[in-house]
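Letter by letter, the chains look like this.
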Amino acid sequence: MTYCLGVKLKDGLVAIADTRITSGTDTTTAKKLFVHESGHGSLFLMTSGLRSVRDKAITYFKEVLKDESVIYTQLYEAVNAFGNQLRRVAEEDRKALYAAGFAFNLHTIVGGQLKNDTEPKLFLLYPEGNWIELTQTTPFMIIGNSGYGKPILNRTVKYESTLEEVLKAGFLSFDSTRVSANDVDFPLDVVIYYNNTFKMIEHRFEKKDMEIISSTWDNELKKALDSVPEDWMNVVFDQKK
């Protein structure tokens, strides 16, 4: 499992991805965020699913991006190109994977802006190669382990939120997932994209970098719980008397 979050905002895009790889009882670290920049724009891609499918599809996609005779000027064209490579991997490997007891499973978030896009775009690509585009009404998407971290995003993230607000909420969403699931962990990769800059800002946070934020959040949650009025509970606890 994994944790990958993509958010589309009025000022740009935010992407967050953990790096924990779990195979049986073994755990390793691997980058799940792929960034591509060219004279025609920039994009990021992050995945959740079988690592072998992910690596093969991205390898094929990199070869496509090297072909100078093919130029993508809108992000959906690049998304279609990756979807084609994902179908190619499915044709080559699906039967063998099923025979070994594995489902062909790879969900992908693709975000960015190419030169003919009027604004940044964010897409969710399914294992079958089809996709949906995220809009102002549904500005974020988590792939992987989404249950623990989604509530805070539902309460705080809006299309009008700032990139700073969303990076903060996104980290707390990841941290909630990390403390509740043993298949999500640091290091944490982050990408920030500002509208019409055509350049991705990348950074990796280690656990030691964020310990004070995690601790502060824990303390603030306890304070918030203590401050919640309790009179409403009397109808229950008075029955003990």
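Keep in mind it's a predicted model, so treat the numbers as computed, not measured.

*Asks:* Provide a residue-level description of the sheet that holds strand β12 (residues 201-205), including the pertinent values.
*Replies:* With antiparallel pairing, the 5 strands of this open sheet are ordered in space as β10-β1-β2-β11-β12. At either end of the open sheet lies a strand with only one pairing partner, and these are β10 (140-144) and β12. Averaged over all neighbouring strand pairs, the angle between strand axes comes to 10°, with direction disregarded. In the packing of helix α4 (residues 163-180) onto the sheet, the strands contacted are β1 (3-9), β2 (12-18), β10 and β11 (188-194), and the crossing angle to β2 comes to about 20°.

*Asks:* Before we move on, could you go through the layout of surface pockets and cite the residues and values that matter?
*Replies:* In this model, the largest pocket occupies a volume close to 540 Å³. Considering the residues around the largest pocket, the lining is formed by 23 residues, among which M1, S48, G49, L50 and R51 are closest to the centre. For the lining of the largest pocket, the secondary structure elements donating two or more residues are β3 (20-23), β6 (41-49), α1 (51-66) and β10. In terms of residue class, the lining of the largest pocket is built from 9 nonpolar, 10 polar and 4 charged. Estimates place the volume of the second largest pocket at around 210 Å³. Lining the second largest pocket are 15 residues, with H36, S38, H40, L65 and V70 sitting closest to its centre. Only β5 (33-38), β6 and α1 provide two or more residues apiece to the lining of the second largest pocket. A total of 3 residues in the lining of the second largest pocket trace back to one element, the largest contributor, which is α1.

*Asks:* With reference to specific residues and values, describe the sheet that holds strand β9 (residues 131-133).
*Replies:* Strand order in the open sheet formed by 5 strands is β5-β6-β7-β8-β9, and the pairing between neighbours is antiparallel. The sheet is open, and its two edges are formed by β5 and β9, each paired on a single side. With direction set aside, neighbouring strand axes in the sheet form an average angle of 20°. Direction of pairing for strand β8 (residues 121-125) relative to β9: antiparallel, over a ladder of 3 bridges. Pairing of L124 across the sheet is with I132, part of β9. Each of β5, β6 and β7 (106-114) is contacted by α1, which is oriented at about 5° to β5, the strand it contacts most. Running over the sheet, helix α2 (residues 75-99) touches β6, β7, β8 and β9 and is turned about 155° from β7.

So, how was this worked out
- Residues numbered from 1 in each chain as written.
- Predicted model: local features only at pLDDT ≥ 70, side-chain atom pairs only at ≥ 80, totals over all residues.
- Heavy atoms only, no water.
- Pairing = 2+ DSSP bridges.
- Helix = DSSP H or I, 4+ residues; strand = E, 2+ residues; numbered from the N terminus.
- Axes fitted to C-alpha atoms, helices over the stretch in contact; angles between N-to-C directions.
- Contact = heavy atoms within 4.5 Å.
- 1 Å grid on protein atoms, 1.4 Å probe; cavity = no way out; pocket = protein on both sides within 12 Å on 5 of 7 lines; lining within 4 Å.
- Points joined across faces, edges and corners; volume = space filled by probe spheres on them.
- Nonpolar A, V, L, I, M, F, W, Y, C, P; charged D, E, K, R; others polar.

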